[in-house]
Structures are given as C-alpha cells and as structure tokens.
Amino acid sequence: MLNRFMQLRLRGLIVLAIILFCLPAFLSNPFHYDLATQMAIIAATVVGLNLLVGFAGQISLGHAGFFGLGAYFTGIMTGTYGWSSVPALVVGAIAVGFIAWIVGRPILRLKGHYLSMATLAVGFIIAIILNNERAITGGPDGMPVPALDLFGWELSSFGQYSLFGIEIEGYTAWYLFASVILLLAVWFAQNLIESPIGRALRSVHGSEVAARVVGVDTAKYKSLVFVISAVYASLMGSLFAHFQGFITPAVASFEFSIVLITMVVLGGMGSTYGVILGAVVLKLLPQVLADFQEVETVMFGLILMLTMIFMPKGLLPTLTAVASKKWRKKAGGAA
Amino acid sequence: MFSEFLQYLFTGITIGATYALIALGFTLIYNASHVINFAQGEFLMIGGMATVSLTAMGVPMILAVVLAVALAGVLGIALQRFAIAPAKQADVVTLIIITIGASIFIRGLAQLVWGKEYHVMANFSSDEPIRIFGAVLNSQSLWVLGIGAVLVVALVLFFTRTLIGKAILATSMNKEAARLVGIRTQMVLMLAFMVSALLGSVAGIVVAPITFTSYDIGIILGLKGFVAAAIGGLGSGVGAVVGGLALGVVEAMAAGYLSSDYKDAVAFSMILLVLFFLPRGLFGAKVVERV
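Reference entry: report on the structure contained in this document. Just so it is clear, the model here is predicted, and its values are computed rather than measured.

### Side note on the overall build of chain B
Here is step 1 of the chain: The helix and strand tally for chain B stands at 11 helices and 2 strands.
Here is step 2 of the chain: Rg of the C-alpha trace for chain B: 19 Å, near the compact-globule value of 19 Å for 291 residues, within the 12% margin.
Here is step 3 of the chain: Buried residues in chain B amount to 52% of all 291 residues.
Here is step 4 of the chain: When contacts within chain B are restricted to residue pairs at least 6 apart in sequence, long-range pairs at least 24 apart make up 74% of them.

### Quick word on helix α11 (residues 263-277) of chain B
Here is step 1 of the chain: The end-to-end C-alpha distance of α11(B) is 22 Å, a good match for the 21 Å that 15 residues give at a rise of 1.5 Å each.
Here is step 2 of the chain: Taken together, the buried positions of α11(B) are occupied by B:Ala265, B:Val266, B:Ala267, B:Phe268, B:Met270, B:Ile271, B:Leu272, B:Val274 and B:Leu275.
Here is step 3 of the chain: Buried residues along α11(B) sit in contact with α4 (85-107) and α5 (112-132) of chain A together with α9 (217-232) and α10 (237-258) of chain B.

### Considerations on the interface of chain A and chain B
Here is step 1 of the chain: Opposite the 43 residues of chain A that make contact, chain B presents 45 residues.
Here is step 2 of the chain: At the boundary of chain A with chain B, total buried surface from both sides reaches about 3,800 Å², with 81% on carbon and sulfur atoms.
Here is step 3 of the chain: When the area that chain A buries against chain B is broken down by residue, the three leading residues are A:His113, A:Tyr114 and A:Met117, summing to 19%.
Here is step 4 of the chain: Where chain A packs against chain B, one counts 1 salt bridge.
Here is step 5 of the chain: A salt bridge links B:Asp261 to A:Arg134, with the shortest nitrogen-to-oxygen separation between them at 3.7 Å.
Here is step 6 of the chain: Here chain A is connected to chain B by 4 residue pairs in polar contact (both at pLDDT 80 or more).
Here is step 7 of the chain: Mapped by element, the contributors of at least two residues to the side of chain A that touches chain B are α4, α5, α11 (254-267) and α13 (296-310) of chain A.

### Some remarks on the layout of surface pockets
Here is step 1 of the chain: Looking at the second largest pocket, its volume works out to about 1,100 Å³.
Here is step 2 of the chain: Lining the second largest pocket we find 40 residues, and of these A:Glu255, A:Phe256, A:Val259, A:Phe300 and B:Ile104 sit closest to its centre.
Here is step 3 of the chain: Of all elements in the fold, only α11, α12 (272-289) and α13 of chain A together with α2 (40-56), α4 (92-114) and α9 of chain B reach the threshold of two or more residues within the lining of the second largest pocket.

### Structural notes on empty space enclosed by the protein
Residue and element names in this part refer to chain B.
Here is step 1 of the chain: Throughout the structure, instances matching the rule amount to 1 cavity of 30 Å³ or more.
Here is step 2 of the chain: Taken as a whole, the largest cavity spans an internal volume of roughly 40 Å³.
Here is step 3 of the chain: Lining the largest cavity, in full, are Leu44, Met45, Gly48, Gly204, Val207, Ala208, Thr211, Phe212, Thr213, Ile217 and Leu221.
Here is step 4 of the chain: Looking at the lining of the largest cavity, the elements with two or more residues in it are α2, α8 (185-211) and α9.
Here is step 5 of the chain: Element by element, the count of residues in the lining of the largest cavity is highest for α8, at 4 residues.
Here is step 6 of the chain: Considering only residue class, the lining of the largest cavity consists of 7 nonpolar, 4 polar and no charged.

### Section: a positive patch on the surface
Here is step 1 of the chain: Taken together, the side chains of A:Lys325, A:Lys326, A:Arg328, A:Lys329 and A:Lys330 define a basic patch exposed on the protein surface.
Here is step 2 of the chain: Tracing the chain through its elements places A:Lys325 in helix α14 (residues 315-334).

### Considering helix α10 (residues 218-244) of chain A
Here is step 1 of the chain: With 27 residues, α10(A) should cover 39 Å at 1.5 Å per step; its first-to-last C-alpha distance of 38 Å lies within 8% of that length.
Here is step 2 of the chain: Just beyond α10(A), the residue with positive phi is A:Gly245, at close to 75°.

### Description of the nonpolar core
Here is step 1 of the chain: Judged by nonpolar contacts, the single largest core of 191 residues is most densely connected at A:Leu51, A:Leu120 and B:Phe38.
Here is step 2 of the chain: If you tally residues by element for this core, the top one is helix α2 (residues 30-55) of chain A, at 14 residues.
Here is step 3 of the chain: Apart from the residues within four sequence positions on either side, A:Leu51 is in contact with A:Ala56, A:Ala189, A:Leu192, A:Ile193, A:Val225, A:Ile228 and A:Tyr232.

### Overview of the side chain of A:Ser85
All names here are of chain A.
Here is step 1 of the chain: As for its position among the elements, Ser85 is in helix α4.
Here is step 2 of the chain: Overall, the relative accessible area of 1% leaves Ser85 in the buried class.
Here is step 3 of the chain: Within the structure, Ser85 has its side chain in polar contact with the backbone nitrogen of Asp149 (distance 3.0 Å).
Here is step 4 of the chain: Beyond its immediate sequence surroundings of up to four residues, Ser85 is in contact with Thr78, Ala147, Leu148, Asp149 and His242.

### Things to note about unusual backbone geometry
Among all residues except glycine, the phi angle is most often negative; among peptide bonds, the trans geometry is most common.
Here is step 1 of the chain: Despite not being glycine, B:His34 has its phi angle at roughly 55°, a positive value.
Here is step 2 of the chain: Inspection of the secondary structure assignment puts B:His34 in the loop between α1 (2-33) and α2.

How each quantity is defined
Residues numbered from 1 in each chain as written. Chains lettered and ligands numbered in written order. Predicted model: local features only at pLDDT ≥ 70, side-chain atom pairs only at ≥ 80, totals over all residues. Heavy atoms only, no water. Helix = DSSP H or I, 4+ residues; strand = E, 2+ residues; numbered from the N terminus. Rg over C-alpha atoms; globule rule 2.2 N^0.38 Å. Buried < 20%, exposed > 50% of the residue type's maximum accessible area, 1.4 Å probe, protein only. Contact = heavy atoms within 4.5 Å. Expected span 1.5 Å × (residues − 1). Buried area = accessible area lost by both parts, 1.4 Å probe. Salt bridge = Lys/Arg side-chain N within 4 Å of Asp/Glu carboxyl O. Polar contact = N/O pair within 3.5 Å; in protein donor to acceptor, adjacent residues only side chain to side chain. 1 Å grid on protein atoms, 1.4 Å probe; cavity = no way out; pocket = protein on both sides within 12 Å on 5 of 7 lines; lining within 4 Å. Points joined across faces, edges and corners; volume = space filled by probe spheres on them. Nonpolar A, V, L, I, M, F, W, Y, C, P; charged D, E, K, R; others polar. Patch = residues over 30% accessible without salt bridge, like charges linked within 9 Å, V, L, I, M, F, W, Y side chains within 5 Å. Areas by Shrake-Rupley, 256 points an atom, 1.4 Å probe, with all protein chains shown as cover. Lys, Arg positive; Asp, Glu negative; His and termini not counted. Charge placed at Lys NZ, Arg CZ, Asp CG, Glu CD. Core = buried A, V, L, I, M, F, W, Y, C linked by side-chain atoms within 4.5 Å.

Quick look at the structure:
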C-alpha cells in the first residue's frame, strides 16, 4: 500500500520535472523566461495555499499578506541592513510562521464566511501597513531589492553562468532555480498529504466534529497547516522579491489574494498538480488577452465565471474525469 | 473641540449610512441564498455612473435616477439567473469566486463604457453647507440619511407586510419547506438579488456627490459594506444598519483623531475584534450546526 503511494507520488513529480526542464525549448526570449519563472514561484505559493484550502477546507482570502510580508522582510533585511539572502528568507519565514500561528489561533475557530472575512481583514491590515510605513517600505512607490545571493554565489537575471560546462543566461538560470524550488515545494506537499498529518487534515475537511470524535486534535492541525501554508507564501514572496528586484505593496494586495485563491479553485481544490495548472492558466490568461486590450478585464471575469459554473470541481479534476470516462468507454467498446 | 467632534460624527454617520445600505444588500442575498455576493459594490458603481452619464446626456435627474436603478435591478436579476442559479450545488469558495468573476466582468464593462476617469455628480439640492455648532454639514448628507432611513423602513414593511417579502423570509428559513407550500423559490431568489441591487444602486446614487464616482469605486465600498454586515452579524437586518453606522463613525473618528493613513485598517481591525469576541457578529443568530 505504502509502496504504491510512493510510486504514484514519484510519477507525478517526474512528469512535472520533465515538463519543467523541456519547457526552455519553447521559450525564445527573456520575457518568456520571466513569465515562466514568475509562474513557477507563484505555483509553489499556490501549492502551499492548497494544503490549507484544498485539504483542510479552510478558506483564506488574505494569503497575499503572508507573501508580501516575506517579500518585504527579505527586501528590507538584504537591501537596508545588508543581510545575505538565505538568513533573511529563513528568519522571515520563521517570523511569518509565528505571526500566522498567533493570528491563526483565534481566526481558525471561525467557519465558512466568517473565516474568509477574518483572513481578508488580516491580509488587508498587512497591505495597509506596507503602504503606510513609507520610511521602512518606501510606501506605495515600492522599494528595490538586491539580487539573490546563495552563500556568496549571486543569482541575477542579468548575469552569465556556466552549468556543467554549458553557458547559460541569467534569466535561464533563474528559471531553472525556480523550477527546482517548485519541485521541492510539490514534493514536500505531497509527502505531507500522505502522512498521518495529511490524513488528519482531510478528516477535518470531511467533518470537523467527526474528526474530533475519533480523537483528532482539529485545532492543532488547522493551525499547523495555516502556519505551513503561510511559510510557503513567505518563502516564495522572498524569492519573488529577489527575482523582481523591486517590490510594491501590490504583492500583498487583496487583488493578489483573490488571484491566489482563484488559482486553487480554478485548477481543482485538493489536487496539487491541478492547482499548478490553475496558476499557469491564470498567469497566462492576461498575456493571451492582452491582444484584446480593451476587453481584457471583461473577458477575464467572464472566463472566471464560466469555468466555475461549468467546472465547479476545477480544471484538472474535470478534465481527468472526462478523459477517464472516454477511456473507459473505449475499453468497454473493445471488450 | 466639540465642533471638531461633531464634524467627525457628521462625516461618520453619512458614510456609515451608505455602508449600512450596502450591508443590507449583502444581508438580503445572504439570507435568501447563503451566498456572499462580492459583486454588491458594483451595483453602487452602476447606480452612480449611470446617473452621472444620463444627466450629462440631458436626461432629467429624476428620470436618470429611475433608469439607473432599473438598470441595476436588471443586472441583479441577470446575476442570479445566469451566474448563481446554474452553479446550484457549488460550495462556498466556488460561489465566492463566481461573484468575484461577475464583479470583475461588470467592472470591465463599466470601464469600456465610461473610461477610467472620476466623474463628479452635483449635489441634489443646495451646495450651501449647513452650519451646526461650528461644524459643517454637507446638504447631501441629509439626502443620504433621509433616503437611507426611508429605504430601511420600506424594507421592514416589505418583509413584514407583503406576501413577497414573507416568501423571501420563508425561503431563507427553509427552502424545501417553502417550495412545499407553493413558493416559487427560484423566483424569490431572483427577487432578492433584484432588491439588493436596487438598494445598492440607490446608495451609489445618493453618495456619488460626496465621494465622486468611477468604474472601480465598487471594490472598496463593497468591502466596507461587507465588513459592516459582518460586524452586525451576517444575515441580521438590524445588525447591518448598526454595523454600518458604527463602522462609519469609528472610521471617521480614527481618521480625525489618530491617523487618516490608517483609516481603512480601523475597519478591518474592528471586524477582527468583533469576530474574536463575538464569532457571529453583534446580532448574529446562534446557529446549531447539524452533523
């Protein structure tokens, strides 16, 4: 039994790895790489958010707040105080995890709409602080962030690197780095889901009361997964800040929180690979729609509505259900 | 000293009355269908924008208001009919995303039609401010309060005295039972969305001369109304009014005495405090969850 799960998990990861490392064949300029790198970082954030929303069934409409805190912590510590990147993002993640733990305890007692409102409020308060503390954060104009340094080795989109004797551009290096991070994020999430913690979380999603009856400490697990998903967001926010080289309070905005939760729901709640697809689709959509300049927003809203109405389970679960039905029909016809 | 306080109070009550009307819209839809309609703010925007552009085209003010309100009403019905109804069994998050999609859609259309600029609407009556104990009261504030009060009374009468109002209440209590006694629940849900859109658009029109109006005004006003509804306790009409007024006054006081930068943070801190200590808001019903 355990063996089968191991294999399944590996299979998904291998497919994802192949896609990620073959993708450069289709990327022809720095802009493409820039987009793909952003996608990988945001997909990893969403994989973390999915642990909370998809598996534990707890809504967060303020997740960008944690992403923004991570981004600004790294930006301020490396930019203003000259820390190097790794300690900045680790300490930032610990701090954000702690904040999430403090905030999460009272909030997670709430359910449904009340929980979504409370998380929305937390996200908003973080965004307002980032906007107003001009002396520290640069206010609405934002602040510059130095390039990522990994133990003295600097990763910058403008650099030149050689990897196993192959010369690669800085933006390609960033893309490869972000891909590895995404794989790690997925690997960790998949392992968590299949662990006893993951089973406890799913029992919370099913019925909190029933979970409590069989002895699951629901409060503990809910706040644990809230902290884990906030730490994911913080780490990815830190990387995003280094990658962009410049951050504004938009990284913590309500709009971005909505985008994140939409990626989860659109891709398919509870499906790790589904939410990655959601992230890719939602990040690509504005690029595709940019050709329609004027009607971009209208189309975006319309597509969002239609997908949710006709595929309430999300893209990937719906598509796989359709595919397996077809396949079964074919198999049945042959027999 | 006192005049300053009075000034903040006037500002707070005026804006609070608007929040109350938006919150009532949320409450109405929540009661009838247990949906949080994130597009509620867009009804406000449509009301204000349509009135401004119609009057600019030379349509008399009264007629422009009627047309704008009617437009919002149709929009409310369309929202229920084409976006909420087909989603039937969707869960809470999915429904939230659908209404967010709808609000983005409506905002996009508004941007196409009216552009990105701010539009200014003239005060309904005199531009002459009223002076009371050294504080200045915009005459439009009286319109906001007066119309707000009329709408609240009308709503109470609607729910207690009319058959349609009672049908909405019955549907909110128990949809199956309502259907059994012959209430066409689909129709009732559409009505709830329509009435809520009407409320929103009227709020948008009366407040437009004070706040100006633009295609994206619905986001922040909608959220504030949402906060007001939550403070009052989702689903409670009295709560929506009290929550709206309380939010407006606290916000104005905080902006005046503490810091105008953190005015919005006050609203969101307030909702957290209320939820921490009264998890169902000030007037929220105690619901026993069935397992």
